[in-house]
Amino acid sequence: MVVTGAAGFLGSHLCDALLADGDEVVAIDNLSTGKLGNVEHLFGHDGFTFVRHDVSTYVWVPGPVDVVLHFASPASPRDYLELPIPTLKVGSLGTHNTLGLAKDKGARYLLASTSEVYGDPQVHPQPETYWGHVNPVGPRGVYDEAKRFAEAMAMAYHRAHGIEVRIARIFNTFGERMRPGDGRVVSNFLVQALRGEPLTVYGEGEQTRSFCYVADQVAGLLTLLDADHVGPVNVGNPEEHTVAELARIVLEVTGSSSSLVFAPLPVDDPSQRRPDITLARQLLGWEPTVALRDGLTRTARWLAAALDG
Ligand code: UDP
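Residues numbered from 1 in each chain as written. Predicted model: local features only at pLDDT ≥ 70, side-chain atom pairs only at ≥ 80, totals over all residues. Heavy atoms only, no water.

Trainee: Is there a simple way to explain the overall build of the protein in this structure?
Mentor: Summing up its helical and strand segments, the protein has 9 helices and 13 strands in all. A globule of 309 residues ought to have a C-alpha radius of gyration of about 19 Å, and the protein, at 18 Å, matches this closely. C-alpha atoms of the protein, sized along the principal axes, occupy 55 × 45 × 40 Å. Looking at the protein as a whole, 55% of its 309 residues are labelled buried. Of the contacts made within the protein by residues no fewer than 6 positions apart, 80% connect residues no fewer than 24 positions apart. Summed over all atoms, the accessible surface of the protein reaches about 13000 Å², with 52% contributed by carbon and sulfur. The centroid of the 25 positive side-chain charges in the protein is displaced by 3 Å from the centroid of its 37 negative side-chain charges. (Helix = DSSP H or I, 4+ residues; strand = E, 2+ residues; numbered from the N terminus. Rg over C-alpha atoms; globule rule 2.2 N^0.38 Å. Buried < 20%, exposed > 50% of the residue type's maximum accessible area, 1.4 Å probe, protein only. Contact = heavy atoms within 4.5 Å. Areas by Shrake-Rupley, 256 points an atom, 1.4 Å probe, with all protein chains shown as cover. Lys, Arg positive; Asp, Glu negative; His and termini not counted. Charge placed at Lys NZ, Arg CZ, Asp CG, Glu CD.)

Shown next as structure tokens:
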């Protein structure tokens, strides 16, 4: 199996799960937002090979490959706003190159797509049949349009070359190995709460998100990989919270007495987001099982250790 973005948050958890299943993994990452520390515990493992490489240039892997999982991309808004052109390149050229690898090897292909393909959605919750509401020329367009292009390219490779394509539309996911400074709401709030600093709520905090714990996410992704369905499937937790609610829950689980401060809402910040996971339930028999508070408690423990280390 080939995993791109293998040193990233989701990529590294996928590597763990695949190796635990007895698969061999060629892990590729250019370490632009990924961290070697996420995979260094795997370096002694017989089935694990790490290659530092940017898949936007080209990809070649010797020997047979049965599955390609394309997870390389900056994924937090802070990261993709800082890396707009690499984000567009890895979603477009990187997807083309990795699909080319899958075609050459006759491999199945799993694309990490995103709830951002729905943009600032006008249909709520979002089913896979919704075409979305994206601003192509706004700052988030670099991520949203790259992933929309990636989905189109994956479907074209399926139609033209018969590649077994799986597309996961991944909704907000959190857990161990989030970078403390990645700028996402869960990592920001937990780090701020742990340090006794004010929690930075953007806008009025009335915008909503639905947060999936990483173990649930990885289980959903691997079930999708093995399933027969070609085309996008939402993988996320349908339990929806406002950002202000999340801030209060973070204070509760960390026992922090931090205050809340309000800061401007980022441009094109989606006002609501919640996956309709009917398809995942029917097709995969999958749904999340870890409660938000439990996931946050585990993540807080990990972040506390990461901040100490
Ligand atoms: N957010 C916030 N405070 C922060 C970071 C983010 O209020 O310190 C908000 C952000 O404006 C958005 C939501 O939390 O409405 C989720 O942001 P995140 O960056 O985690 O991911 P997104 O879902 O926007 O891709």
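Trainee: Would you mind showing me how to read the packing of helix 5 (residues 185-195) against helix 9 (residues 292-308) here?
Mentor: The description of two helices packed together rests on the angle between their axes and the distance between the axes. Between helix 5 and helix 9, the least distance of the axes is 10 Å, while the angle of their chain directions is 65 degrees. As for how helix 5 packs across helix 9, the hand of that crossing is right-handed. Residues V186, S187, L190, V191, L194 and R195 of helix 5 lie in contact with helix 9, whose contacting residues are L296, T299, A300, L303, A304 and L307. Of the residues in the contact of helix 5 with helix 9, the class split is 9 nonpolar, 2 polar and 1 charged. (Axes fitted to C-alpha atoms, helices over the stretch in contact; angles between N-to-C directions. Left-handed = near helix turned anticlockwise from the far one by under 90°. Nonpolar A, V, L, I, M, F, W, Y, C, P; charged D, E, K, R; others polar.)

Trainee: Quick question: what am I supposed to make of the site of the ligand here?
Mentor: The immediate surroundings of the ligand are formed by 18 residues, with T200, Y202, R209, D269 and R273 found nearest. Considering the ligand on its own, with 520 Å² of exposed area, one finds that the protein chains cover 95% of that surface. Listed by contribution, the elements that provide at least two residues to the shell around the ligand are helix 5 and strand 8 (199-202). Classifying every residue of the shell around the ligand by side-chain character gives 7 nonpolar, 5 polar and 6 charged. (Near = heavy atom within 4 Å.)

Trainee: What should I look at first to understand helix 1 (residues 9-20) in this one?
Mentor: The α-helix advances 3.6 residues per turn, and as a result positions three or four apart in sequence lie on the same side. Taking 1.5 Å as the rise per residue, helix 1 with 12 residues should run 16 Å; its terminal C-alpha atoms sit 17 Å apart, in good agreement. Among the 12 residues in helix 1, 10 count as buried, and that is most of the element. Phi turns positive, to about 95 degrees, at G22, one or two residues after helix 1. (Expected span 1.5 Å × (residues − 1).)

Trainee: What should I look at first to understand the packing of aromatic side chains in this one?
Mentor: Centre-to-centre distance and the angle between the planes together describe a pair of aromatic rings. One pass over the full model with this rule turns up 6 aromatic pairs. Measuring from ring centre to ring centre gives 6.1 Å for F43 and F50, while their planes differ by 40 degrees; the resulting arrangement is tilted. The class for F50 is partly exposed, based on a relative accessible area of 22%. An angle of 15 degrees between the planes, with centres 5.9 Å apart, marks the rings of Y118 and Y130 as stacked. Separated by 12 residues along the polypeptide, Y118 in the loop between strand 5 (108-114) and helix 4 (141-161) and Y130 in the loop between strand 5 and helix 4 bring together distant segments of the chain. For the pair shown, Y118 and Y130 are each scored as buried. By way of ring pairs, the aromatic residues F43, F48 and F50 are connected into one cluster. (Phe/Tyr/Trp six-rings, centres within 6.5 Å; stacked < 30°, edge-to-face > 60°.)

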